[in-house]
Amino acid sequence: MSTKLKEIFKPEYVQKEFFTGGHIEWTPDGHNLLCQCGPRVSILNIETTTLAGTIPKRTESVKTGDEEDEEDECTDSVITFTLDPTGKNLITSHKSGLLCTWDLNERKLTKSWRHLHKGPVVKLSITSDQIIASGGTDSIIRLWQSEKAHCLYALHGAQGIISAMKFLQLPNSEYWLFAADLQCEIHVWSCDDGKHLFKLQGHFSTVTELVFYKKQYLISCGRDKVVILWDLESKLQLKMVALYDCLETMVVLPEEGFYLQDLNDELKNTHVIPSGICVAVGGENGELHVWDVKNNVPISKKCNADSQSIKSTKSITNMIFNETRSTLAICYVDNTITLQSLGPQHSKLTLIGSNDEILDVALLGNECSRSLAVAINSCDIYIFPWHKKKIESDENCEIDKVELGVCCKRLKGHTDTVLCLASYKNFLISSSKDHSIRVWLYCNVSRTADCVAIGTRHTGAINTVAISKSLDFIVSASTDTTLKLWKLPKIFKSDEQHILSVKLTEVGHEKDINSICIAPNYQTIATGSQDKLIKIWSTSDLSVLGICRGHKRGVWCVRFSPIDQVLLSSSADTTLKIWSMADYSCLKTLESHDSSVLKGGFLNHGTQVASCGGDGLVKIWCLKTSECIATLDKHSSKVWALLIVEDGSIMITGGSDSRLVVWHDRTEEVRIAEAAANQTKALQDQQLQNLLQNEQLLPALKMSITLERPNTALKIIQTLSKQGQGQDLKMVFENINQEHKEKLLNYVVDWNSNGKYCLAAQLVLNILLEDIMMGKLTINQEKLQGLMAYSERHFRRLTTLLTNLQLLRYTTNCMAPHSSNQ
């Protein structure tokens with residue numbers, strides 16, 4: 001039985017950034033998190049941790065990675081945004097100088113207008129009455145009436161950039177606007193008449209956040225490392241709390257109480273009922289300060305909100321609290337978001353807002369509990385859950401689709417960038433620039449992994465690592481040009497980390513070793529190096545069995561075939577080569593990439609090869625014909641990582657563009673769909689022939705347009721015109737959809753360029769002209785100019801013909817009397 005080729009892979013899941021730094025907002029129901037993402041606002045579904053949509057929407061057409069980047073570059077960038085208290089309207093400030101109002105449910109633009117500021121608007125705030133405040137870099141704050149986009153007042157008094165801005169509704173329903181400026185002062189205006197009421201002075205550096213408590217107190221924090229409690233009635237400073245941290249963000253915690261994780265027991269929560277005003281504050285040190293500012297008492301000791309050591313902590317940039325979910329969202333400078341529950345059931349999720357450069361990926365776990373380990377140019381390893389779900393195909397049948405989501409868990413241990421990952425079943429091996437390798441044991445229940453063994457015998461960064469499927473040994477290679485074989489223990493203790501022992505060490509190559517792999521029979525090892533050589537080693541004593549020569553530049557990847565005695569290699573010379581393990585000769589050379597081929601692998605039971613390179617392309621090859629049968633384009637830069645799952649039905653790629661793409665083999669589904677479409681088309685062709693034979697021209701015309709048969713449609717239109725049924729065409733064209741009308745308009749452009757068909761073209765154009773003038777049909781400038789030029793030529797020719805006919809008729813009439821006399 002011959003193996004069918006896999007030719008059609010579709011990128012049905014692409015994990016891209018959803019948060020690139022800036023502002024975030026909860027929806028009131030807590031179901032979605034709105035995050036600033038370059039030129040758009042991302043809508044993240046918290047339940048599924050997947051992207052529910054963007055504002056403005058992306059175009060739904062299938063695009064390559066470069067085309068998506070070009071689309072983002074052409075989109076008007078969002079500087080900041082805010083959500084109204086009802087959760088219905090989203091207000092965005094754009095780089096072009098526009099303020100836009102969007103319907104959040106429909107994802108549609110409802111209004112846009114110029115903000116009239118001399119610089120960009122960096123702060124926005126909105127009331128429940130739809131009064132918008134925009135604070136710019138020109139030190140002016142403008143109040144807008146949202147529905148009419150009318151500027152109510154221009155508020156003066158602040159100096160420099162507006163750093164924080166909030167509305168406060170007083171008991172008498174009057175609104176006050178609080179704003180902090182570059183002079184570290186907090187100004188207050190009345191929104192009823194736009195008058196400046198008073199200002200609060202107490203900070204000595206930029207004020208970064210303003211929050212209110214019971215409409216009676218104002219709490220401010222700043223980069224002067226203090227939190228100040230203000231009494232709004234007396235306009236006096238009540239307390240000043242020094243936290244010795246450049247503070248960036250702050251939220252008020254519920255007065256009825258909340259739960260904090262016990263520092264001594266991660267599984268235990270402590271219920272806190274505050275006696276004063278409790279706030280959570282974060283800043284440059286990455287520490288979450290929970291403080292009673294009224295009594296100047298710490299609620300908990302200084303702790304890291306992301307459970308990292310103090311030295312490696314990332315700064316906290318933003319923090320918001322949702323009362324419905326009782327969850328605190330903490331944003332870090334590396335664009336990660338931690339969702340920390342303050343309810344009785346403690347939970348903590350880490351969301352990756354934007355990946356860094358993806359270096360390698362590996363699959364963990366069994367069929368029911370899989371996860372994907374990803375090395376993202378970091379000292380941590382990220383574990384993404386593997387979600388498999390059923391979707392409807394075009395043939396109304398269910399097919400499997402894999403999604404990863406953005407929720408992940410971190411594996412901490414390495415102290416420098418993780419370069420390579422290798423896995424088998426529940427074992428994960430990682431190598432790093434810190435000269436060490438680590439063995440992680442994956443738990444199918446918790447979907448995380450613990451470090452159970454460490455090896456630290458290399459003297460350089462470890463570029464590559466591999467694990468035998470017998471789980472007896474590990475092989476690693478480093479920039480120190482050595483090859484090491486590590487003995488893997490049979491049993492691991494959960495309470496301690498084993499120190500791996502080196503069984504064999506050999507100097508492998510003259511330059512860095514880039515790749516290593518173990519044969520399916522565990523007897524041989526292959527290494528590829530920057531010295532252009534591929535060496536085959538014996539597992540028993542690391543003796544050299546053979547050397548493969550032929551690449552003109554460094555070798556990036558080597559892989560053994562799962563069924564044949566052959567080896568695949570990819571190189572910086574833009575080629576892939578297949579080597580015989582019998583005599584180490586080159587059997588095939590595969591050429592199609594335009595740049596370095598960084599990774600390669602066998603798929604479809606060894607009958608095909610997949611490769612990815614520095615040109616951002618993924619290619620599928622047929623080994624029998626040595627031809628590239630498919631080129632997949634979804635990345636816009638180098639593709640470093642390639643993972644082929646099982647027999648090649650799923651591939652995962654990642655690269656320096658930070659995209660993680662899951663490719664699904666849809667060859668069989670597409671073939672079935674094409675066969676069904678061909679059958680349907682054959683039936684429709686037969687129906688068209690039957691209509692033509694029975695001289696049912698009007699139904700035949702409609703079907704010919706539907707089937708995209710321009711020549712048949714032209715002949716029918718010419719026949720109807722000769723029979724005097726040209727007016728009946730309008731009834732036919734009214735019953736076809738816009739897509740078919742656009743195709744018909746394109747046919748008219750072609751017909752009009754030929755004098756033989758111009759009458760039919762003008763007849764159809766006359767009917768479609770009404771839709772064109774009403775804007776239902778669009779025609780580009782180039783086609784319009786062509787239509788006008790040829791139409792003018794046809795009318796000149798017809799005018800000349802009519803003139804000549806009239807002259808001929810005049811001459812005939814003049815000659816008539818003379819002919820009768822004779």
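The rules we used
Position numbers for residues start from 1 in each chain and track the written sequence from start to end. Note on the predicted model: pLDDT of at least 70 is required for a residue's local features to be given, and 80 or more for side-chain atom pairs to be given and counted; whole-chain, interface and lining totals, by contrast, use all residues. Side-chain measures were taken over the full set of non-hydrogen atoms in the model, leaving aside hydrogen atoms and water. The helix and strand labels rest on DSSP assignments: H or I over at least four residues marks a helix, E over at least two residues marks a strand, and numbering proceeds from the N terminus. Between buried and exposed lies partly exposed: a residue is buried under 20% and exposed over 50% of the maximum accessible area for its type, with that area taken using a 1.4 Å probe on protein chains only. It only takes one pair of heavy atoms within 4.5 Å for two residues to be counted as in contact. Here the Shrake-Rupley method, with its probe set to 1.4 Å, supplies the accessible areas, and only the displayed protein chains count as covering residues. Here the positive residues are Lys and Arg and the negative ones are Asp and Glu; neither His nor the chain ends is included. Charge positions are represented by NZ for Lys, CZ for Arg, CG for Asp and CD for Glu. Simply put, an axis is a line fit to the C-alpha atoms, just over the touching stretch for a helix, and the angle between two N-to-C directions goes from 0 to 180 degrees. These descriptions rest on fixed angle ranges, namely under 35 degrees for roughly parallel, over 145 for roughly antiparallel, 65 to 115 for roughly perpendicular, and the rest for oblique. Three classes are used, and their members are as follows: Ala, Val, Leu, Ile, Met, Phe, Trp, Tyr, Cys and Pro are nonpolar, Asp, Glu, Lys and Arg are charged, and the others, Gly among them, are polar. Any two strands are treated as partners once DSSP identifies two or more bridges connecting them. Salt bridges are defined as contacts in which a side-chain nitrogen from Lys or Arg sits within 4 Å of a carboxyl oxygen from Asp or Glu. Here a polar contact is recorded for every N or O atom pair within 3.5 Å, except that within protein the pair must consist of a potential hydrogen donor and a potential acceptor, and residues adjacent in sequence are included only if both atoms are side-chain atoms. Multiplying 1.5 Å by the residue count of a helix minus one yields the expected span of that helix. Nonpolar cores are built from buried Ala, Val, Leu, Ile, Met, Phe, Trp, Tyr and Cys residues. Side-chain atoms within 4.5 Å join them into one set. Note on aromatic contacts: the rings of Phe and Tyr and the six-membered ring of Trp form a pair at centre separations within 6.5 Å, being stacked when their planes are under 30 degrees apart, edge-to-face when over 60 apart, and tilted otherwise. Throughout this description, the term charge over a ring refers to an Arg CZ or Lys NZ atom that lies within 6 Å of the ring centre and within 35 degrees of the ring normal.

(A) Molecular detail of the overall build of the protein chain. When helices and strands are tallied, the protein chain shows eight helices and 62 strands. Taking the principal axes of the C-alpha coordinates as reference, the protein chain spans close to 130 × 90 × 45 Å. Residues classed as buried in the protein chain amount to 52% of the 822 residues present. Taking contacts inside the protein chain between residues at least 6 apart in sequence as the whole, the part at least 24 apart equals 48%. As presented, the protein chain carries roughly 38,500 Å² of accessible surface, and 49% of it is formed by carbon and sulfur atoms. Across the protein chain, the centroid of the 86 positively charged side chains sits 3 Å from that of the 94 negatively charged ones.

(B) Layout of the packing of helix α4 (residues 710–722) against helix α7 (residues 758–773). The interhelical angle for the contact between α4 and α7, taken along N-to-C directions, is 85°, at an axis separation of 10 Å. With respect to their mutual orientation, α4 and α7 come out roughly perpendicular. Counted together, Leu714, Ile717, Gln718 and Ser721 of α4 and Ala760, Leu763 and Val764 of α7 form the full contact between these two elements. Partitioning the contact of α4 with α7 into residue classes produces five nonpolar, two polar and no charged.

(C) Region of the structure containing the pairing of strand β13 (residues 150–155). In terms of strand pairing, strand β12 (residues 141–145) meets β13 through five bridges, oriented antiparallel. Bridge pairing links Leu143 to Tyr153 in β13. Hairpin connection of β12 to β13: four residues between the antiparallel strands, including Ala149 at a positive phi of 55°.

(D) Summary view of the pattern of salt bridges. Considering all chains together, one arrives at 20 salt bridges under this definition. Ionic pairing is found between Lys214 and Glu255, a salt bridge with its closest N-O pair at 3.1 Å. Of this pair, Lys214 sits in the loop between β18 (207–213) and β19 (217–222) while Glu255 is found in the loop between β22 (247–252) and β23 (258–261), placing the two residues 41 residues apart along the sequence. Residue classification places Glu255 among the partly exposed residues on the basis of a relative accessible area of 40%. Taking the shortest distance from any N to any O, the salt bridge between Asp472 and Lys490 comes out at 2.5 Å. One end of the pair, Asp472, is in the loop between β43 (462–467) and β44 (473–478); the other, Lys490, is in the loop between β45 (482–487) and β46 (498–499), with 18 residues separating them in the sequence. Classification of Lys490 by relative accessible area gives exposed; the value is 66%. One network of salt bridges, with partners in common, ties together Asp334, Asp380, Arg410 and Lys412.

(E) How the structure looks around the environment of Ala610. One can find Ala610 in strand β57 (residues 608–613). Note on Ala610: relative accessible area 0%, which makes it buried.

(F) Inspection of the side chain of Ser134 at higher detail. For Ser134, the location among the structural elements is in strand β11 (residues 131–136). Reaching out from Ser134, the side chain makes a polar contact with the side chain of His117 at a distance of 2.9 Å. In this structure Ser134 touches Leu99, His117, Val121, Lys123, Leu124, Ile140, Ile141, Arg142, Trp144 and Met165, once residues within four positions along its chain are discounted.

(G) Expanded view of helix α6 (residues 738–752). Between the first and last C-alpha of α6 there are 21 Å, a value that for 15 residues agrees with the 21 Å anticipated at 1.5 Å per step. For α6, every residue scored as buried is listed here: His740, Lys741, Leu744, Leu745, Tyr747, Val748, Val749, Trp751 and Asn752.

(H) Region of interest: the nonpolar core. Grouped together as the largest cluster of nonpolar side chains are 31 residues, with contacts concentrated most on Leu701, Phe733, Leu744, Trp751 and Val764. Counting only elements with at least two residues in this core, the list comes to α2 (667–693), α3 (697–706), α4, α5 (729–734), α6 and α7. Setting aside anything within four residues of it in sequence, one finds Trp751 in contact with Pro710, Ala713, Leu714, Ile717, Leu744, Tyr757, Cys758, Ala761 and Val764. In terms of nonpolar packing, the next biggest core, distinct from the first, is built from 21 residues, Leu363, Phe384, Val402 and Ile650 among them.

(I) How the structure looks around the packing of aromatic side chains. Tallied over the full model, the rule gives nine aromatic pairs. When the centroid spacing of 6.2 Å and the interplanar angle of 80° are considered together, the rings of Phe167 and Tyr175 count as edge-to-face. Tyr175 carries the same exposure label as Phe167, and that label is buried. Three or more aromatic residues joined by ring pairs form one cluster here, namely Trp176, Phe178, Phe198 and Phe212. Of note, Arg370 hangs over the ring of Trp386, and the distance from its end group to the ring centre comes to 5.9 Å.

(J) Local environment of the sheet that holds strand β21 (residues 236–242). Strand order in the open sheet made by the four strands is β18-β19-β20-β21, with antiparallel pairing throughout. Each having just a single partner strand, β18 and β21 make up the two edges of the open sheet. Neighbour-to-neighbour, the strand axes of this sheet turn through a mean angle of 20°, independent of strand direction. The pairing of β18 with β19 spans six bridges and is classified as antiparallel.

(K) Representation of unusual backbone geometry within the structure. The peptide bond linking Ile55 to Pro56 adopts the cis configuration, its omega dihedral lying at -5°. With respect to the helices and strands, the residue Pro56 is situated in the loop between β5 (50–55) and α1 (65–74). The backbone of Leu116 sits at a positive phi, close to 70°, despite the residue not being glycine. On the secondary structure map, Leu116 appears in the loop between β9 (108–114) and β10 (121–126). The phi dihedral of Ser173 falls on the positive side, at around 70°, and the residue is not glycine. Position of Ser173 among the secondary structure elements: in the loop between β14 (164–169) and β15 (175–180).

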